[in-house]
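# Architecture at a glance
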Amino acid sequence: RFKGESDTGVIKLTQAMGGGKTHSMLALALLAQNPEIRENLLGPTYAGIGDIRVVSFSGRENADFGIWGSIAEQLGKKEFFKDYYSPLKAPGEKSWVELLKGQKTLILLDELPPYLENAKSIMVGNSDLSKVTMTALSNLFTALGKEQLANVCLVFSDLKAAYESGSELLQSSFRELEAEANRIAIEVTPVALNSDEIYHILQKRLFEDVSGFEYSLNINDVAIAYKTSVEKSKKLGFTNYTPETVFKGIKDSYPFHPSIKDLYARFKENQNFQQTRGLIKLMRQIVRQFYESGMAKDNYLINVFDFDLNEQKMLSHIRQIKPSLEEAINHDIAQDGKSIAEVIDTEKPENKGVTQDIAKLLLVSSLSTANHGLLGLTESEIFGYL
């Protein structure tokens, strides 16, 4: 946009809580404000862009003169919008153009839902501040399509979180505002939880080095061994999981089993689950347990069932994702040796704990709380993931 190569001046960052939206905005702001950092990180292609002024607004803050007043004040032009402060009125498209034209400008709008939720209770004439604000933002989105603002870029985090709360009237207004933005916005998902990106984040955050794990074996050896195992199971008719899928998956996901990507993506949309952040916290506990319990000595990969629900801290993490399954966990999976899976494995030591592994595999595959969310696994999928 700032190189003059994009007609689109609005970018929507879309993901539920904890998905990297604010981190992305902070990184973008630093790149915009610091040409020398920009050139070091992005290379000479972006060297000639020059200075970019940055203005931002977080919905966790108050704005006595509306979002438009906050933007104008940060630009050093607070008086420019003086006619829209008392009473608070929405600037029109032309007013936004006049305020922003000229210098390259990056506008960042984060956490709008809580601001608009609160603004709903503030009366403005015969309306309320949320409606006035949404009109102002709608006019701003439209203004960014004008040629005079071809050097202005606005990045905002989507309003999806607000759809689950507030009145029907407010939800309807959110959808109208998003529909206005979506006509012109580029949509970006900071972290795709059903892609290999999540593995790269976990590898970076949880391990100093993933090249060799606990073995002299290299990643390719591990991937080939799993591929061979799946090939045997497939020939015996136990699974439809393809050897090539597990081979390529391990090469990308090591030291994690590739099933983590598919199964964790099922519950990423759960209400109040912080997508990337929540998954990092969960995996931090799993990896800690994996090493402290000695499992790392007997396993080539960290699978979705490599955790102990008899430990309260671990149980608490799973309980937060789907509280309704706590009783099932106690009865079927983990109750200090008294659950069904534990009893079966005790009676059949040759199982080597596989009954509990299957039970935890089914648990992880059933953590979605979304309407019509995918729950459980077929026998073929269980064999493949094991």
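Just above, that's the structure.
So, here is what we can say about the structure in this document.

The next thing to look at is the overall build of the protein. The secondary structure content of the protein amounts to 17 helices and seven strands. In the protein, buried positions account for 46% of the 386 residues. Across the protein, contacts joining residues at least 24 apart in sequence account for 67% of those joining residues at least 6 apart. For the protein, the accessible surface area stands at approximately 19,700 Å², while carbon and sulfur atoms represent 50% of it.

Here we come to the side chain of Ser 366. Its place among the elements puts Ser 366 in the loop between α16 (354-364) and α17 (379-385). Ser 366 sits in the buried class, given a relative accessible area of 17%. Within the structure, Ser 366 has its side chain in polar contact with the backbone nitrogen of Gly 376 (distance 3.3 Å). The residues touching Ser 366, leaving out its near neighbours within four places in the chain, are Lys 322, Leu 325, Leu 375 and Gly 376.

Turning our attention to a nonpolar patch on the surface. Together, Ile 37, Leu 41, Leu 42 and Tyr 46 make up a nonpolar patch on the protein surface, roughly 360 Å² of accessible area in all. On the secondary structure map, Leu 41 appears in helix α2 (residues 35-42).

So, on to the packing of aromatic side chains. Scanning the entire structure with this criterion turns up 11 aromatic pairs. Here Phe 141 and Phe 156 contribute two aromatic rings whose centre-to-centre distance is 5.4 Å and whose plane-to-plane angle is 35°, an arrangement assigned as tilted. With Phe 141 in helix α6 (residues 129-143) and Phe 156 in strand β6 (residues 152-157), this pair connects stretches of sequence that are 15 residues apart. Given the relative accessible area of 1%, Phe 141 is considered buried. For the ring pair Tyr 264 and Phe 267, a centre distance of 5.3 Å and an interplane angle of 55° mean the geometry is tilted. Summarising the burial analysis for this pair, Tyr 264 and Phe 267 share the class buried. One aromatic cluster is present, built from ring pairs that chain together Phe 80, Phe 81, Tyr 84 and Trp 96. If you follow Lys 227 out to its NZ or CZ, it ends over the ring of Phe 247, 5.3 Å from the centre. Lys 360 extends its terminal NZ or CZ atom over the ring of Phe 307, reaching a point 5.6 Å from the ring centre.

This part takes up the pairing of strand β1 (residues 10-13). Pairing of β1 with β6 involves four bridges; the strand directions are parallel. Note on β6: the bridge partner recorded for Leu 13 is Ser 157.

Attention now goes to the pairing of strand β3 (residues 105-110). Here β3 lies mainly inside the structure; six of its six residues are buried. The pairing of strand β2 (residues 53-58) with β3 spans six bridges and is parallel. Within the sheet, the bridge partner assigned to Val 55 lies in β3 and is Ile 107. As judged from the five bridges shared by β3 and β6, these two strands associate in the parallel manner. Residue pairing in the sheet places Leu 106 in a bridge with Cys 153 of β6.

In this section: a positive patch on the surface. On the surface, Arg 205, Arg 277, Lys 281 and Arg 284 cluster together to form a positively charged patch. For the positive patch, the leading source of residues is helix α12 (residues 275-292), giving three residues. Looking at the secondary structure, you find Lys 281 in helix α12.

What follows deals with unusual backbone geometry. Note that the residue after Ser 86, namely Pro 87, is joined by a cis bond; omega there is 0°. Among the structural elements, Pro 87 can be located in the loop between α3 (66-74) and α4 (93-100). Note that the residue after Tyr 254, namely Pro 255, is joined by a cis bond; omega there is 10°. Tracing the backbone through its elements, the reader meets Pro 255 in the loop between α10 (243-253) and α11 (259-266). One non-glycine residue, Glu 111, adopts positive backbone phi at about 55°. Assignment of secondary structure puts Glu 111 in the loop between β3 and α5 (112-119). Even without a glycine there, the phi angle at Lys 352 is positive, about 55°. Residue placement: Lys 352 occurs in the loop between α15 (340-347) and α16.

Structurally, Ile 224 is set in helix α9 (residues 219-235). Expressed as a C-alpha distance, the spacing of Ile 224 and Pro 243, which sit 19 residues apart in the sequence, is 9.0 Å.

Turning to the nonpolar core, a few remarks are in order. Counting 49 residues, the largest nonpolar core has Phe 256, Tyr 264, Leu 282, Leu 309 and Ile 318 as the members making the most contacts within it. Here this core gets seven residues from one element, more than from any other, and that element is α12. Those residues in contact with Leu 282 that sit more than four places away from it in its chain are Tyr 264, Phe 267, Met 314, His 317, Ile 318 and Ile 321.

Oppositely charged side chains may form a pair once their charged atoms are brought near each other. If you walk through the whole model with that rule in mind, you get nine salt bridges. Of the charged contacts, one joins Glu 93 and Lys 146 as a salt bridge, the two residues approaching to 3.2 Å between their closest N and O atoms. Within this pair, whereas Glu 93 is found in helix α4, its partner Lys 146 is found in the loop between α6 and β6, the two being separated by 53 residues in sequence. Exposure remark for Glu 93: the relative accessible area of 27% places this residue in the partly exposed category. For Lys 146, a relative accessible area of 34% corresponds to the partly exposed category. In this structure, Lys 120 and Glu 117 form a salt bridge, with 3.3 Å as the shortest nitrogen-oxygen distance. Classification of Lys 120 by relative accessible area gives partly exposed; the value is 26%. On the basis of relative accessibility, which here comes to 27%, the residue Glu 117 falls in the partly exposed class. Three or more residues joined by partner-sharing salt bridges are found here, namely Arg 288, Glu 292 and Glu 311.

Thresholds, definitions, all that
Residues numbered from 1 in each chain as written. Predicted model: local features only at pLDDT ≥ 70, side-chain atom pairs only at ≥ 80, totals over all residues. Heavy atoms only, no water. Helix = DSSP H or I, 4+ residues; strand = E, 2+ residues; numbered from the N terminus. Buried < 20%, exposed > 50% of the residue type's maximum accessible area, 1.4 Å probe, protein only. Contact = heavy atoms within 4.5 Å. Areas by Shrake-Rupley, 256 points an atom, 1.4 Å probe, with all protein chains shown as cover. Polar contact = N/O pair within 3.5 Å; in protein donor to acceptor, adjacent residues only side chain to side chain. Patch = residues over 30% accessible without salt bridge, like charges linked within 9 Å, V, L, I, M, F, W, Y side chains within 5 Å. Salt bridge = Lys/Arg side-chain N within 4 Å of Asp/Glu carboxyl O. Phe/Tyr/Trp six-rings, centres within 6.5 Å; stacked < 30°, edge-to-face > 60°. Lys NZ or Arg CZ within 6 Å of the ring centre and 35° of its normal. Pairing = 2+ DSSP bridges. Lys, Arg positive; Asp, Glu negative; His and termini not counted. Charge placed at Lys NZ, Arg CZ, Asp CG, Glu CD. Core = buried A, V, L, I, M, F, W, Y, C linked by side-chain atoms within 4.5 Å.

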